[in-house]
Amino acid sequence: MIVLAENLVLSPTFALSANQPLIGWHNLVTAANVSATSEAAGFPISNVANPITAPGGRWRADYEITGEGEGEEGGPAVQSITIAVNSVEELDYVAIARHNLASIGAPITIYGQSEEGEGEGEGFAELVQETLLANDGPALFRFEKQALTDIRIDIGIGSSAPEIAVIYAGALLILQRRIFVGHTPIPYGREANIINGRSEAGDFLGRIVLSEMTATAVDLQNIDPAFYRSDIDPFILASKETPFFFAWRPGDYPGEVGFAWMANSPKPVNQRTADSDGLMQIDLQMTGISL
Amino acid sequence: MSKSLVYVEIDIPFCANIYGEAPCTAALGVTGEIKCFNSLATCQDRPNYIDDPVTLRFSEDSVHYPKEIEAIPSLVGHSMTPATVSLGRDLGQRASLSVTFKDHRWPDTASGFDKYVSERPYDPVKQGTFWGKFRSRQPFLRGRALRLIRGFVGQAIGEMETRHYVIDSFDFGAATGRYTITAKDVLKLLDGDRAQAPRLSQGFLVAGIDDDDTEATLSPAGIGDLEYPASGYVAIGGKEICSFTRSGDVLTLTRAQLGTIAIEHDAQDRVQLGLRYVAQDAAVIVEDLCTEYANVDPSFITLANWQAETAAFLDRVFSADLFEPTPVNQLVSELIEDAALSIWYDEVTQQIRLRVIRPISTDADTFDRNNILSETTHTREQPNERISQVWRYFAKRNPLEGQNDPDNYRSVAVTIDADAEADYGSSAIHKIYSRWIPFGGRSIATKANALFLSRYRDPPRRFNFHSFRGGVVMPTLGQGYRFKAIGIQDATGAEDDAPIQITRLKPGDAANEVEAEEMLATAVEDEEGDGERVIIIDGNAFNLNGRTLHDALFPAPIGETGEGEGDGEVIVFIVENGVTVGSTDTANPAFTVGDWPAGVDITVTVNGRVQGKGGDGGDGASGEGGALTGLPGGVALHTDYPINLEDDGGEIWGGGGGGGGGASGSPGAFPFSDVNGGGGGAGTNPGDGGDAPISFGINPGDPGTSEAGGAGNTTGTIDAGDGGDPGQAGETTTLGAGGAAGAAIDGISNVTTIGEAGDRRGPEIN
């Protein structure tokens, strides 16, 4: 789902791009610059810096639910994940995938600071307000673009230990054209291999789903050639190895976000003649997770 | 709608230690340049390696897999060649499971990977791949456990069907990024390339021995204590079996045992320790072979269940003398054929199952058109499976000679279904060489033959069909069912059903592929009626003890159990027509009924002959001592236990007494010359003719025969006496008395004659 910073909604520039498709591929999180309040054995925070969503590739807080109160010894505590991005680039999103924050009822708040505070925690300002996510699907937190030295993700107390497989933080790729027709939102792009059971007597014996995945495709057209070269091509290049977050119409359908990876090798083609500025087209086939 | 889940778990070796912390003595720069990965292959301190296996779980890559069940989603697929259960013939074929994984990046975190990942100077996600690293760290997977787990969304792992296998090999296609593990069912451990019984002995003679030496020394020094028990049997040079007692490396030998002949042996001749199973339940033998010689985990066998099965449906024991290492799967297969068993590995319960071949219950679960998937039924006739004659060779003579050599067997039980041969127009002969059925086991061999014929008299059909996974009737490997299909009809065209036993079961994602064989076996009654234990003596033998014979073929008798009169075992001994049971010693009866618990009902049927040994003739007079008396004949049948005796048409003959000795000169003259020996008494064996203690001028008597006493020598003045005919005393002379007649029956008060008495010669005494 998309979570917008409250101040972002009021921004006039954002109003114009609320439904522009978003791709979160740019990522400044590394194993070396991320840290957490705690980490369970075998589930280090460094795992959020790689795109592996499988168990064993996740971070999990060392967080025993003892029934004691917050802050007491042995009791649960707010978990903070800090990313020392030290970016001169302007950043405008944080995204997470394969988490359990909705299931355990743990709220999440995003903070940032642009300069090092004198003491721990000083200088952090709220980027995205405290939010209780609706489900455990990929979540993308968008805020006003700005240069940041650190990002902090606070996770409130939930019913069990929070875990997150992937965290991205960087600058969004905002596509030029909205998507109107011919696209299947990724949560609905379900593809299943199903076997039906029918007896020799013709009776229905049941159906069994053998495998299931979500997939979709986006046919981007009328791309400004300069925009392709400056903004899209770096994404295409990175997508050969790494997945990305994708929201096809974030304003109208903020819940329809996927953490996806390419299923094809997309290649741009010139769509028009040079007289029309060489507009380009590219077909993106992707599979991924949406819940 | 059900959503299918497939998981694979493997147990990998993993060290519980922390690098460089006690007890681990590894040290950077000393034992290695980098820290280990807690695997055997990367261990730098093997003596202190502590195996604490870690289970890795893999799943297919599909979004419907529940996140509550953690698994690495790199499983591409699995393929299975299911086990084939052989019904009464051998161990069948082993199941083989192949699971394939795709390669991917991996952070090396989580249990079972890299304990020191945070200390490595590289990013594990960017350097190398999951299976590339796994291949280097975990090359020693053979024998490790692998589990295939199948279930549906909503089930916990523990509720799913889990099939257990043992890893046999792996293959990493580095170029394709595919890692494949091949696993087998646990009966693979019985294969000859990894399991032999008995184990090869490494001792050999340090020096040669003659054919009458009774002591031998083993080499290399110390091998005695390492490999040989305090007593037992050995085969020397692969030619002679001896029993032994041992002190250090020195064996004290009793030569020429178990049908072998004492011969000379050279230095360096190998000394192989024998493995003997004497009158053991087939269940016990198979369990012992599996666990002692094939390293099968004992928890895979519930011996009590096996013994309950054999007690209920087999009630026989088996014996074998094994003196050459033999593949365990071969030994078990032979026993399967002799005891009419089927043995298979149940991958789900992780149990090796044993079942005696028997009819399928008429109320067994049925597979029919209501629960068989459409267009999946196939039936096939198997004319080559038909058998009309079974030739079962048994009572092996020499354990060191050919297993498949008919000359090495005393007996053969031939069972022929002449009607079947007439019906089908030809014979179909099946030969079996049985090392597991000892002498006297004709009834066992015959019953096994009858079971075989009942199953294969008409060629069993093979049926294939698919049942829907999760259906009401779930197929289980090895179990019996009824089967209905359109083509299965009686002569009127009415629907019929076939009894089947599932011989192959391939579980699929949506359907179970079933192969079953028609189970035509019928209940086979014992030779003389159901429940009787019949021991058939079908070859000439000496000094038989009925109890010993019985215990080599059947479980020990219990007798009365207090549940009512006559509830003890019913045991029948039959001496076949043309067979003679004799004695080699007049002190021992030809046939001793033996000791039995009260309540056992014993019948001895003599259609052939039981004959005591003939007494030797008396020696001729030598010197003033005079001639010697002939020796008494031996007893034919002795019993201290009440028996029924059916001998009408048979012969029970005591040994004839030896004739008295004679002389050539006058009584009292010295020295006699040309002394006359008495004739030997009749018997089996017969008595020798009389002789004389000094070597000059001897006129020996004739030995007896089985039919008549030998003639005493009459060359000199005083004739020696003739040996007694069967059951008769030897002739008395003036110098020496004739030997007494051997009794036909000793213990007549314990004998109840059924019908007319047969040809009994000799006294009947108590």
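1. Comments concerning the overall build of chain B
In step 1: Of the regular secondary structure elements, chain B holds eight helices and 45 strands.
In step 2: Scaling as 2.2 N^0.38, a compact globule of 766 residues should have a C-alpha radius of gyration of about 27 Å, whereas chain B reaches 35 Å, well beyond that.
In step 3: Over its C-alpha atoms, taken along the principal directions, chain B stretches across nearly 120 × 80 × 50 Å.
In step 4: In chain B, buried positions account for 54% of the 766 residues.
In step 5: For chain B, the accessible area works out to roughly 31,000 Å², and carbon and sulfur atoms hold 47% of it.
In step 6: Of the charged side chains in chain B, 60 are positive and 111 negative; the average position of the first set lies 15 Å away from that of the second.

2. Some details on the sheet that holds strand β9 (residues 139-147) of chain A
Residues and elements named next belong to chain A.
In step 1: On the basis of which strands lie adjacent, the open sheet formed by five strands has the order β1-β9-β6-β11-β4 and mixed pairing. A strand with exactly one partner marks an edge of an open sheet, and here the two such strands are β1 (2-4) and β4 (59-60).
In step 2: As defined by bridge partners, strand β6 (residues 90-99) adjoins strand β11 (residues 163-170) across six bridges and the pair is classed as antiparallel. Paired with Ala-97 across the strands is Val-166, a residue of β11.

3. Regarding the domain arrangement of chain B
Residues and elements named next belong to chain B.
In step 1: We note that the domain assignment places domain 1 (4-184), domain 2 (199-273), domain 3 (277-356), domain 4 (366-382 + 460-518), domain 5 (384-456) and domain 6 (529-766) within chain B.
In step 2: Look at where the C-alpha atoms of domain 2 and domain 3 centre, and you get two points 29 Å apart.
In step 3: The interface is formed by 10 residues belonging to domain 2 together with six residues belonging to domain 3.
In step 4: Each partner contributes to the roughly 670 Å² buried at the junction of domain 2 and domain 3, and carbon and sulfur atoms together form 59% of this total.
In step 5: Here domain 2 is connected to domain 3 by one salt bridge.
In step 6: The tally of links between domain 2 and domain 3 comes to two residue pairs in polar contact (both at pLDDT 80 or more).
In step 7: Here the side of domain 2 that touches domain 3 takes three residues from strand β11 (residues 231-236), the largest share from any one element.

4. Regarding the sheet that holds strand β27 (residues 498-507) of chain B
Sheet strands pair by backbone hydrogen bonding; their relative direction is either parallel or antiparallel.
Residues and elements named next belong to chain B.
In step 1: Spatial ordering of the open sheet is given by β20-β26-β27-β28-β25-β21, a layout of six strands whose pairing is mixed. This sheet does not close on itself; its edge strands, each paired only once, are β20 (366-367) and β21 (378-380).
In step 2: Looking at chain direction, strand β25 (residues 462-468) and strand β28 (residues 511-518) are connected through seven bridges and run antiparallel. Bridging across to β28, Phe-463 finds its partner in Ala-516.

5. Some words on the interface of chain A and chain B
In step 1: Between chain A and chain B, the residue contacts involve 36 residues of the former and 32 residues of the latter.
In step 2: For the pair chain A and chain B, the summed buried surface comes to about 2,800 Å²; carbon and sulfur atoms form 61% of the total.
In step 3: Summed over the three residues of chain A that lose the most area to chain B, namely Glu200(A), Ile208(A) and Glu212(A), the buried surface amounts to 24% of that side.
In step 4: Scanning the region where chain A abuts chain B turns up three salt bridges.
In step 5: The partner of Lys67(B) in a salt bridge is Asp136(A), and the shortest N-O contact between them spans 2.2 Å.
In step 6: One can count 17 residue pairs in polar contact (both at pLDDT 80 or more) joining chain A with chain B.
In step 7: For the side of chain A that touches chain B, the secondary-structure elements that each account for two or more residues are β13 (190-198) and β14 (204-223) of chain A.
In step 8: The leading source of residues in the side of chain A that touches chain B is β14(A), at 10 residues.
In step 9: Bridge analysis of β14(A) against strand β1 (residues 2-12) of chain B gives two bridges, and the strand direction is parallel. Residue pairing in the sheet places Val209(A) in a bridge with Lys3(B) of β1(B).

6. Overview of the nonpolar core
In step 1: Phe318(B), Ile352(B), Phe591(B) and Ile602(B) are the most contacted members of the largest nonpolar core, which totals 75 residues.
In step 2: The element best represented in this core is helix α3 (residues 282-293) of chain B, accounting for seven residues.
In step 3: Apart from the residues within four sequence positions on either side, Phe318(B) is in contact with Tyr277(B), Val278(B), Ala279(B), Gln280(B), Ala282(B), Ile285(B), Leu335(B), Asp338(B), Ala339(B), Trp436(B), Ile437(B) and Ile444(B).
In step 4: Judged by nonpolar contacts, the second largest core, of 40 residues, contains Ile52(A), Phe58(B), Val99(B) and Phe101(B).

7. Looking at the packing of aromatic side chains
Residue and element names in this part refer to chain B.
In step 1: Under the definition given, this model contains 34 aromatic pairs over all chains.
In step 2: Between Phe-130 and Phe-134 the ring centres are 6.3 Å apart and the planes differ by 10 degrees, which places this aromatic pair in the stacked class. On the criterion of helical spacing, the pair formed by Phe-130 and Phe-134 is a turn pair, its members being four residues apart in helix α1 (residues 130-137). Accessibility assignment for this pair places Phe-130 and Phe-134 in one class, buried.

8. So, the pairing of strand β26 (residues 480-483) of chain B
In the case of a regular strand, side chains alternate between the two sheet surfaces.
Residue and element names in this part refer to chain B.
In step 1: The two faces of β26 match: Gly-480 and Arg-482 on one face and Tyr-481 and Phe-483 on the other face are all buried.
In step 2: Both β20 and β26 contribute to a ladder of two bridges, which runs parallel. Across the sheet, the residue bridging to Thr-366 is Arg-482, located in β26.

The rules behind the values
Residues numbered from 1 in each chain as written. Chains lettered and ligands numbered in written order. Predicted model: local features only at pLDDT ≥ 70, side-chain atom pairs only at ≥ 80, totals over all residues. Heavy atoms only, no water. Helix = DSSP H or I, 4+ residues; strand = E, 2+ residues; numbered from the N terminus. Rg over C-alpha atoms; globule rule 2.2 N^0.38 Å. Buried < 20%, exposed > 50% of the residue type's maximum accessible area, 1.4 Å probe, protein only. Areas by Shrake-Rupley, 256 points an atom, 1.4 Å probe, with all protein chains shown as cover. Lys, Arg positive; Asp, Glu negative; His and termini not counted. Charge placed at Lys NZ, Arg CZ, Asp CG, Glu CD. Pairing = 2+ DSSP bridges. Domains from an automatic or database assignment. Contact = heavy atoms within 4.5 Å. Buried area = accessible area lost by both parts, 1.4 Å probe. Salt bridge = Lys/Arg side-chain N within 4 Å of Asp/Glu carboxyl O. Polar contact = N/O pair within 3.5 Å; in protein donor to acceptor, adjacent residues only side chain to side chain. Core = buried A, V, L, I, M, F, W, Y, C linked by side-chain atoms within 4.5 Å. Phe/Tyr/Trp six-rings, centres within 6.5 Å; stacked < 30°, edge-to-face > 60°.

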